[in-house]
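Each chain, written out:
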Amino acid sequence: MVVIGAGFLGSEIAATARGLGLDVTLVDVEATPLARQVGAEAGELVAQMHRDCGVDVRMRRHVTGVIGQNGRVAAVVLDDGSRLAADVVVVAIGSVPATDWLTDSGIPLGDGVLCDLTCKAAPGAYAAGDVANWPHSLVGGRIRLEQRTNATLQAVTAAKNLLADPDGALPYAPMPFGWTDQYDTKIQIHGWCPPDAHVEVVDGDLRSRKFVALYRTGGRVVGALGWNSPRALLRYRGHIAQHTAV
Ligand SMILES: Cc1cc2nc3c(=O)[nH]c(=O)nc-3n(C[C@H](O)[C@H](O)[C@H](O)COP(=O)(O)OP(=O)(O)OC[C@H]3O[C@@H](n4cnc5c(N)ncnc54)[C@H](O)[C@@H]3O)c2cc1C
């Protein structure tokens, strides 16, 4: 199996397929798996985890073509000329919001439907879930989240605000929480772990593959990542909400 794209989905698919005994190659243009989700340092640990489990990890590589034979996929070609034999190819390279149908509606569009703090895009029009792009006070900028938990929470706020008196509209400022289980490793994230953040291990250590790391941008704590450390990670949630140091 060749998995193209080493984000959450591609990495999990590679781990599961490898666990089933398949020969797996994981390809991505980024320097490490989960580079956009956890940054370079934790991403390198993810790469190492996959290598340790026998996955052929090819980072910083573009896929330039897929070769078929007798009506089936036979190989994937990379930009360095290498040809990866494959019976199965999985493409997990992300998604884009489907907003073309709103182009002439007057609803502001960008990376998704552009809303205000209260999920309002235009009078009487609100957005929630993967398609919503809104300013988040914790981030200090606009975000769009592709998470099931966010879709559920944001839908509740959007519906309340749609029905509320305009002066009573509530800002939507959740603390994102996500996780990924790969092999015997659980990686959990509270807040954000931007690739350009300063990363500091505050609990455990990298070598034992059991740690909590805080992510700081502009001197503010914006995220915490737990690697096989669910209980320890909970202690740091408050630091993100208040941007405080430890
Ligand atoms: C393979 C996969 C695995 C995932 N795993 C996780 C996970 O483990 N944890 C997690 O938190 N999140 C996960 N996600 C993300 C999660 O699925 C999404 O964040 C969530 O589904 C978003 O909900 P939504 O209602 O905003 O959008 P969607 O669930 O995408 O629903 C949008 C719906 O709108 C419909 N639609 C689009 N345009 C129109 C139109 N013009 N008219 C009518 N209908 C339209 C679509 O057909 C679709 O049914 C995963 C996503 C994928 C693809």
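Residues numbered from 1 in each chain as written. Predicted model: local features only at pLDDT ≥ 70, side-chain atom pairs only at ≥ 80, totals over all residues. Heavy atoms only, no water.

(A) Layout of the environment of arginine 142. Positionally, arginine 142 belongs in strand 13 (residues 141-143). Separated by 2.9 Å, the side chain of arginine 142 and the backbone oxygen of cysteine 115 make a polar contact. (Helix = DSSP H or I, 4+ residues; strand = E, 2+ residues; numbered from the N terminus. Polar contact = N/O pair within 3.5 Å; in protein donor to acceptor, adjacent residues only side chain to side chain.)

(B) Here's a closer look at helix 3 (residues 148-163). Across its 16 residues, helix 3 extends 23 Å between first and last C-alpha, which sits within 8% of the 22 Å expected from 1.5 Å per residue. Residues of helix 3 that are buried make contact with strand 11 (125-126) and strand 12 (132-136). (Expected span 1.5 Å × (residues − 1). Contact = heavy atoms within 4.5 Å.)

(C) Spatial organisation of the site of the ligand. Around the ligand, the surrounding shell consists of Leu9, Trp101, Gly129, Asp130, Glu146, Gln147, Arg148 and Ala151. A distance of 3.1 Å separates an oxygen atom of the ligand from a polar atom in the backbone of glutamine 147. Relative to its unbound accessible area of 1000 Å², the ligand is 32% covered by the protein chains. Of the residues contributing to the shell around the ligand, the split by class is 3 nonpolar, 2 polar and 3 charged. (Near = heavy atom within 4 Å. Areas by Shrake-Rupley, 256 points an atom, 1.4 Å probe, with all protein chains shown as cover. Nonpolar A, V, L, I, M, F, W, Y, C, P; charged D, E, K, R; others polar.)

(D) Here's a closer look at the pairing of strand 17 (residues 210-217). The element strand 17 is largely enclosed, with a buried count of 6 among its 8 residues. Between the end of strand 16 (residues 198-205) and the start of strand 17, which pair antiparallel, lie 4 residues, with arginine 209 showing a positive phi angle near 55°. Relative to strand 18 (residues 220-227), strand 17 is paired through 7 bridges, and the arrangement is antiparallel. Bridged to threonine 217 within strand 18 is arginine 220. Taking the residues that link successive antiparallel strands as the turn, the strand 17-strand 18 hairpin has 2 residues, and the phi of glycine 218 there is positive, at about 55°. (Buried < 20%, exposed > 50% of the residue type's maximum accessible area, 1.4 Å probe, protein only. Pairing = 2+ DSSP bridges.)

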